[in-house]
Each structure stands twice: as structure tokens, then as C-alpha cells.
Amino acid sequence: MATLLRRPGNLARISRRATLSITRSAFGPARTAPSSLASIIASQRLRTYATSGSGPPKPPNDNSGASQDQERSVLSPQEQKDLDAFVKRLEQIAPESQHEMIQEARKQMMRQGIADEIKPYLSRDQPASLMDHMRMVRFVLKFASEQIDKELERDGHITRAQKDVDSTKKTGDDAEALNNKNKGEEQSQKKQNGEEEPPRKDEEEERIREELRKKKEQEQKRKQQGLPPNARVFKLKLDPTSFFITALVAYYIYRSFFPSESASSREITWEEFRANYLNKGLVERLTVLNQSRVRVDLRREVTDQTSDSSGQPVSHVYFTIGSVDGFERKLEDAQEALGIPLNERIPVAFVEEVPWGSALLSFAPTLLIFASIFWLSRRAGGGAGGQGGIFGIGKSRAKRFNHETDIKVKFSDVAGMDEAKVEIMEFVSFLQQPERFQKLGAKLPRGAILSGPPGTGKTLLAKATAGESGVPFFSVSGSEFVEMFVGVGPSRVRDLFANARKNTPCIIFIDEIDAIGKSRAKSNYGGGNDERESTLNQILTEMDGFNTSEQVVVLAGTNRADVLDKALMRPGRFDRHITIDAPTIDGRKQIFRVHLKKIVTDEDLDYLEGRLSALTPGFAGADIANCVNEAALVAARENADKVVMRHFEQAIERVIAGLEKKSLVLSPEEKRVVAYHEAGHAICGWYFKWADPLLKVSIIPRGSGALGYAQYLPANGDTYLLNTRQIMDRMAMTLGGRVSEEIHFDTVSSGASDDFNKVTQLATAMVTKYGMSKLGFIYYDESTTQQYTKPFSEETGRNIDIEVRRIINDAYKQCSDLLKEKKKEVGLVAEELLSKEVLSRDDMVRLLGPRPFTESNEFSKYFNNRDGTVIAPPASEDPEATSGKDGRDQTPIP
Ligand SMILES: Nc1ncnc2c1ncn2[C@@H]1O[C@H](COP(=O)(O)OP(=O)(O)OP(=O)(O)O)[C@@H](O)[C@H]1O
């Protein structure tokens, strides 16, 4: 096989020989397909078997069968004898494959009488010549084939007759009707032939019945597949292996019949051409291809004699020419020299051929590059959301949520923002009953900007709006309009709005709209950002483009409403500006209620919500959701079967201060400094009236880098305004750590730097913003002032510095006075802290007595007495494991 593959020419020869042998063996009457012939002969045998009544069918050339045939023969015994002898002679010279046909002819002649054409040969005493015999064989085969054709025709009648019966009668009557019809047909035929009616052919009927049954089944199958009754079904099964093999075979068959040029031709030089071909007179004709190559067609005699190294006959050779003129001159000279007369000169043809193979090959690198770019872009596109690669880059990336399946959020899931909900509910009623507004002549609002700190539930509110109004919701982030290609942003905006218009009524939600909606004036440093601006312009245009009947509401969320372009905010675009602030204590309670629904706990929910909301001032909705989830995780880690208060408190601490760093082990001296530092803060918080009282203090290092951590809660609930006294007390309390260190140690640590930062910020704000200093009512906002040019004079700057320093000094003095007075208490708290590591408000009450100031009911309800304990962290199971190599950690104190 390997040799065959390498040399397709061999196969060519084999197949040529095969074709020849087919032509040779083709014989007129034997055109009938061998398979149908075999079946006819078989059916004849079956008939023989059926009529003989007993015993299996005998082969036609079986001698014993001759006696049975004798019984049905119309021939005289002498005729029969002559015929048998004649048949025997024929069989001797005819190939074995034709014996069956000869026997068939014999049988037919026994039934119908000997054909006139062979009668003269039967009675001859002398053996007939070979020629005569050949003629006879041909005749006998023709005769047999004619008889078979007749049989076939008759069978066709039978089948048709059977079909007629089948359509008119029930299956039960089929056999009977068939019998009758067959009988009628056969009788008439036999009468024509002068024959007796042959006995019943049960076997054949059985066969026909079987065929009919099969046909019926096939019809039914076709009906089931919905195909017309005569339709043919071709099934093309192409598995990779058969495809490969087919392709290979097809290629080699092709190559066998059309051997490649290289296989039967070779490249030569002019000299070789002249010496080996021209001089020897082997050239048939010459063809100049594309004015650069000459094909030399060799004479047929030469082709048959010469062969190349692979044994292929060489039909033509090639040589290259410099120019056509030069070639013609050289050829003429050569022929002149050879003395070839003018009329016998070798004909030369000129052909311009397009070398398709090499042309295609020259395109291959370009095609390869295009294919790679296409493939890469598809991959990139697929990764970014499967928008059809580079061709889908201008398509909007907005995710479409179906209100029936995807958006299950309702207003009841959004807690603690009643005012925002009222505002946005108007959009819902607009989407649900637009006519209510239109009939009064009101213009429908186009959109709303939801602004507020991160995690306050802007996206949630937008989703709830879609969920309540039951309309499709397209959600996209502002940053998804930004792409490195020019024109993609505006194109995506157009696509988004076009999609939305097709699905009206609907809601579009653009999250983080400040990514594209930033004020155009502010972004012009360093050349601006044209692409972002054109995206913004496109949004403005699209929003203007809505006609009043189009119910598309555009909601946008941002944390930076202050930087948005004014054009976005004007009426007719984002008509409403809904601010969503961090929730109040009541709002937090409601949000806790929403999220606690999913938690397994048997705590008193009312108390739990109240206490947790008091413990979490400044928390946004997302923090609360996180806290509740974290509590459930803490409980799961402990293998608890329900979540209890302790888990919630641990979760809150974790959210506020980060994970406890048990691996960070402080030296005893450092621990002492931290304890006295924290005790200083705690005493200040306890004894300054306007400071926030302590809830919990710990000297276990936390993940955020703090070596100690204290939690204070505003005694009068959430505070939204601060007066001078409150600020001064807070500043003094913040300085409490450093002052305590000064009082109790010889030196001070670097641990108070963050406190100083806070104090400085507060003092500066008092001077430059709050008007709480001798400088009076001035306002300088550092964030808007430019870095290099201060908005105030040198002198004002100096005065600001002096004032800030004075205020901080005042706070320091206030703190120092208190801590010197309460030195013993500081010591008490610090020592207790050193031994217990964590102190709760109750411990403080135990050590110092109740705080000498009234606190709000809400505060005392949750943090005095009932369950006011703060949980100490679980003791480390293996103290060794948490100790460093030499018992202390090397991390420097921040
Ligand atoms: N008012 C609320 N009621 C209930 N759950 C809330 C509320 N606010 C926030 N959450 C929870 O916080 C998650 C995050 O909220 P959301 O994504 O809406 O915040 P956002 O304001 O859009 O944040 P960002 O400005 O960072 O995009 C919500 O999925 C929800 O679980």
C-alpha cells in the first residue's frame, strides 16, 4: 500500500487494466445485473422445488435433476438426448460463469421446444467447428437472457396485480386475491404457450407476500417521517475517519487518471533538449508558456519507451527560455542545421497560462494574517462577553434582564430609603399607566440620577423599579462604553438605545455614569478626552431623541454626582436627582430586617435589629448585607446550628477593623504601651461629656495595622451636626493615647500618628470651613483648590497655621488636665486591659462606675445591662502556635 501511495501511476496502470478487462468481459445479453440474474435463477429453482413437491431444490446442472425436468419436457426423448449432448458440448467450451445461463436456456427449450436456430447443430454426427460452437454459445446466452427478461416482465405484472389487490381488499383477503390474479395471468400465458397450468407456487407467493409486507413497513416509516410515498432517502454519514479515507482514495483515483505534471515531465536545458530530443527527431510539438517556459511534447512512440526514475512514462519535458525572440532564432538555427525542410518544422504554439497554484500560494500569507486577526478578535470578543469579536465591538454590552425570570427584586426588598422610593415609584406608575399622566398634559420624566455613597442601594433601587413595573431592564456600566477604539462608545450608546426602543416600555440603568458623564469643562487638562465626550454627547442626543410616547426610562447611578456634566442634569434628560445617603439608625434597622430574613436565628429579632443597627453607625446597605452574611459564616465555622448575637458582633468587628491578627505577637513592653494608650482614649471618652462613650476596647492587633482597637458609639445616636464643644472633646479624646503615654512612660511611641492626622484635619476644618476660629467666616476647600496656587494669601496661610496649632494645643491641654487628674483610673483600665486584652462597656462601669452623663434611651436600651456584654475573642488553643520564634513578632509598631 505504501508503494502504491508513493506511486499513483501504478494505480493508474492497474485501474486501466481493470477497465480493459471489464470491457472485454462485457457480453450483450449479460447486461442484466448479476444480482438480479441470480435472484431470477434462484426464483426458478424455488419454483422447481415447489412443483416437485418433495425434497430440496436441485442445482440446474445436477444430472439427477434431468429426470425431473424430463417429466415436464415437451421434447421427445431423442430430442431431449440431443439437447443434453449439445448442452454438454457448449459447457465444455464456454467459461464456467456462463454455465448457469446455458442450463437456463436448456430448461426453457425443454418447456417451449428447441429453438430453430440450433436444430441443425443437434442432429449433426460430425462435431461442429469451434466457430459454430462459439456462435451457438452466443445464441444460447441470448436466448436465456430473453427468457429471463420475459420472466422479469411477468414478475412486474404480479407485483402490480398484488398492489391492486392490496389497495382494494383487507390483508386477510390478500392471499386469495393474489392467487386468483396470478392464476388468471399465468393461465393466459400458459395458454398462449400451449402449456398446462403449472401447480400452485406456494413458495413464490410467500416470497411476494414478504416483499409486500416489507414495502408496507417502509411506506409507514416514510409517512411517520413526513416524506412523500415515493421519496428516496439518502443518508450521508460522514465521520472523520471515513471522510479522510474517502478523500485519500478520491485523491489517488484522481491522480491515477490525471497524473501530475511533475510525475511525467522534467526540467531540462536547451542543450539537453537539442542533443537528446531535437537532434533525434523525438519532438512532436513545442508550446511556449507565458513567454518564459517551453513545453516539449514528445512523440507517442518515445513516450511509451522512455520512463523517468520512478518508472513513469515521460510524455513531455520543459526548459526555460530567456526571451521568445532568442528561442525562435535558436530553434530555427537548430532546425536549419539539422536540415529539416520548412514544411516539416516542429510546430510552436504560444500559451498564456495563469499559474493558479502559485497564485493561490502567494495569497496564503495574507489569508493567514486575516485568519489570525479574525480568530484573535473572536477570542477577544468572546472573552468580553461574546459579542461576535471585532465585528460586534460597536454593539452594546448591556445585559438584558427579563422581568419575569431574572428580576425578582421588589420595593419591599429595598429598605431604609423611603423618600427615594417615593420619588422613583412615580416612574413605575408612569411605566404602568402612562395615560394617567398624559391625559393631564404632563410630560413624562425621562430619567433619574441616583447618587450616593457606595453600597447604599442605588442599583438595587433601579432593579426594584424594573421588578415592580414588570418591564425589561437593560443594565450597563458606564465603563463598558469606554474602549480603545474611536467611535465605539457612541456606537454602543446608539445600539443600547435602539435595543431599548424595540422593547418599550423598558428601563435602562447606567451604573457609574461618571465614567462617561464627567463634566466636559473639567476634563480638558492635557488635551481632554474626545472619545468620552462624544459618548456623552451621544447619550445626550439619544435622551433628547425620545419622543414623549416612548416609554423608556433611563436611570443612572453614581457616587460622584458633583462631577457630572450639567447638560446631563438638565430637565428633559435626567429630570430627577435622587440622593441616597447612608441609612439612619432606623434605616439600618429596616435593612437588617430585610437581610435577617434569610438567616437562621432564634434571637429576639426586634432587639437584634435594634442593637445591630446601633452598633453600626455609618454602615451602608452593602455593609449590612455583608455583616449579616459574615455572621452566618462565623456561625458555620463554629458548626453552630443557628446564628447568635455573638456571631453578629464578631462579624461587625471584622467588617470595621479587619481580622484579628493572632500571629502578630507584641512584646510585653509594647503591649503595655498599647494598653496605656488605649486606656487614655477610653478614660477621655468616659469623662468628656461630648465625646463618644466607649463600647469596647481591645489590644489584640487587627488586620488593618492597628495594634489596639476601640469602638465608640455616639451616646445620643447618629449625629449629623457637630458643635465646637463636641469637636473639642473629640480632639482631646483622640489625643488621649499620646498624653497617657507621656504621663505613664519616660518616652513616647510612634503609635499616635494617625491620631494626630485626625486631630489636624478636624482643627483645620474648624478654621477653614466651619468658621470656628479667630479668623472668622472663611471657607477654603482643599479638594477644589489647585495644588500650586493657594486661594489665600501668605499671611492668611500663616494665620491658618497659627489657629490650627492653637486649637490643637487647647485640645491637648484639655486632655492632659483630665488624664493627670484620672491617672489612677487610667492605670486601672490599662492593667485590666493587659490581663484581659478586651474590655467591654460593662467592665468600664465595673471599674469606674457609671458614666456621669445622661445617655439617650436608645443607647442605654441596647448597651446597658441587658446583653450589653461584648464578647471576648476565643482564647487561642495553642499559645505556642501564635508566638514568634523568640516569643515576639518583628513587625515594627506603626
Ligand atoms: N436599602 C437597602 N436595602 C436592602 N439591601 C440593600 C440596601 N442597600 C444596599 N443593599 C445591599 O447591598 C448590595 C449592594 O447594593 P447596590 O449594588 O445597590 O449598591 P450601589 O449603591 O449601587 O453601589 P455602587 O455605588 O458601589 O454601585 C445589594 O445587593 C443589597 O444586598
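Note that the structure is predicted; figures quoted are calculated from it, not measured. (Residues numbered from 1 in each chain as written. Predicted model: local features only at pLDDT ≥ 70, side-chain atom pairs only at ≥ 80, totals over all residues. Heavy atoms only, no water.)

*Asks:* Can you lay out the overall build of the chain for me, pointing to particular residues and giving the numbers?
*Replies:* Per the secondary structure count, the chain includes 35 helices and 14 strands. When each of the 894 residues of the chain is scored for burial, the buried share is 41%. Contacts in the chain between residues at least 24 apart in sequence constitute 72% of all its contacts with a sequence separation of at least 6. By element, 53% of the accessible surface of the chain is carried by carbon and sulfur atoms, the whole surface being about 50400 Å². (Helix = DSSP H or I, 4+ residues; strand = E, 2+ residues; numbered from the N terminus. Buried < 20%, exposed > 50% of the residue type's maximum accessible area, 1.4 Å probe, protein only. Contact = heavy atoms within 4.5 Å. Areas by Shrake-Rupley, 256 points an atom, 1.4 Å probe, with all protein chains shown as cover.)

*Asks:* Go over a negative patch on the surface with me, naming the residues and quoting the values.
*Replies:* Together, Asp325, Glu328, Glu332 and Asp333 make up a region of like negative charge exposed at the surface. Here Glu332 is to be found in helix α15 (residues 324–338). (Patch = residues over 30% accessible without salt bridge, like charges linked within 9 Å, V, L, I, M, F, W, Y side chains within 5 Å. Salt bridge = Lys/Arg side-chain N within 4 Å of Asp/Glu carboxyl O. Lys, Arg positive; Asp, Glu negative; His and termini not counted. Charge placed at Lys NZ, Arg CZ, Asp CG, Glu CD.)

*Asks:* Which residues make up the site of the ligand, and what values do they have?
*Replies:* In the vicinity of the ligand lie 19 residues, with Ala415, Lys458, Thr459, Leu460 and His595 positioned nearest. Within the backbone of Leu460, a nitrogen or oxygen atom sits 2.9 Å from an oxygen atom of the ligand. Note that an oxygen atom of the ligand is positioned 2.9 Å from one of the side-chain N or O atoms of Asn559. Its free accessible area being 630 Å², the ligand has 78% of it covered by the protein chains. Counting only elements with at least two residues in the shell around the ligand, the list comes to α19 (458–469), α24 (585–596) and α26 (621–637). Across the shell around the ligand, the residue classes break down as eight nonpolar, seven polar and four charged. (Near = heavy atom within 4 Å. Polar contact = N/O pair within 3.5 Å; in protein donor to acceptor, adjacent residues only side chain to side chain. Nonpolar A, V, L, I, M, F, W, Y, C, P; charged D, E, K, R; others polar.)

*Asks:* Got a sec to walk through the pairing of strand β10 (residues 552–558)? Specific residues and values, please.
*Replies:* Burial runs high along β10: seven of the seven residues are buried. With burial as the criterion, each face of β10 is covered, one bearing Val552, Val554, Ala556 and Thr558 and the other bearing Val553, Leu555 and Gly557. Relative to β10, strand β7 (residues 447–451) runs parallel, the two sharing five bridges. Counted as the bridge partner of Ile449 is Ala556 from β10. Where strand β9 (residues 506–511) meets β10, five bridges bridge the pair, whose relative direction is parallel. Bridged to Cys506 within β10 is Val552. (Pairing = 2+ DSSP bridges.)

*Asks:* An account of the pattern of salt bridges is needed here, citing residue identities and associated values.
*Replies:* A full pass over the atoms with the stated rule returns 25 salt bridges. Arg654 is the partner of Glu630 in a salt bridge, and the nearest nitrogen-oxygen pair spans 3.4 Å. Here Arg654 lies in helix α27 (residues 645–657) and Glu630 lies in helix α26, a separation of 24 residues in the sequence. Judged by relative accessible area, Arg654 falls into the partly exposed class, the value being 25%. A salt bridge links Lys696 to Glu653; the nearest nitrogen and oxygen atoms lie 1.9 Å apart. With a gap of 43 residues between them, Lys696 in strand β12 (residues 694–698) and Glu653 in helix α27 connect regions that are remote in the sequence. For the pair Lys696 and Glu653, a shared accessibility class is recorded, and that class is buried. Counted as one network, the salt bridges with shared partners bring together Glu832, Lys836, Asp843 and Arg846.

*Asks:* Talk me through a nonpolar patch on the surface; I want residue IDs and the actual numbers.
*Replies:* There is a patch of nonpolar side chains on the surface, built from Phe244, Ile245, Leu248, Val249 and Ile253 and spanning about 450 Å² of accessible area. Residue placement: Leu248 occurs in helix α11 (residues 240–257). The exposure class assigned to Leu248 is partly exposed, which follows from its relative accessible area of 33%.

*Asks:* Explain the sheet that holds strand β13 (residues 709–712) residue by residue, including any values.
*Replies:* Strand pairing in a sheet relies on backbone hydrogen bonds, with the paired strands running either antiparallel or parallel. Taken in spatial order, the three strands make up an open sheet running β13-β12-β14, and their pairing is antiparallel. The open sheet has two edge strands with one neighbour each: β13 and β14 (838–840). Averaged over neighbouring strand pairs, the angle between their axes works out to 10 degrees when direction is ignored. One ladder, built from three bridges, connects β12 with β14; its direction is antiparallel. Across the sheet, the residue bridging to Lys696 is Ser840, located in β14. In the packing of helix α32 (residues 823–836) onto the sheet, the strands contacted are β12 and β14, and the crossing angle to β14 comes to about 125 degrees. (Axes fitted to C-alpha atoms, helices over the stretch in contact; angles between N-to-C directions.)

*Asks:* For the packing of aromatic side chains, give the residues involved together with the corresponding values.
*Replies:* Using the criterion set out here, one finds nine aromatic pairs in the structure. Ring geometry for Trp270 against Phe319: centres 5.7 Å apart, planes inclined by 65 degrees, an arrangement best described as edge-to-face. Here the residue Trp270 occupies a position in helix α13 (residues 270–278), and Phe319 occupies one in strand β4 (residues 316–320), the gap between them amounting to 49 residues. For Trp270, a relative accessible area of 11% gives the class buried. Following the ring pairs from residue to residue traces out a cluster consisting of Trp270, Phe273, Phe319 and Phe327. The ring of Tyr318 carries Arg293 above its face, with NZ or CZ at 4.1 Å from the centroid. Just above the ring of Tyr687 sits the side chain of Lys822; from NZ or CZ to the centre is 4.1 Å. (Phe/Tyr/Trp six-rings, centres within 6.5 Å; stacked < 30°, edge-to-face > 60°. Lys NZ or Arg CZ within 6 Å of the ring centre and 35° of its normal.)

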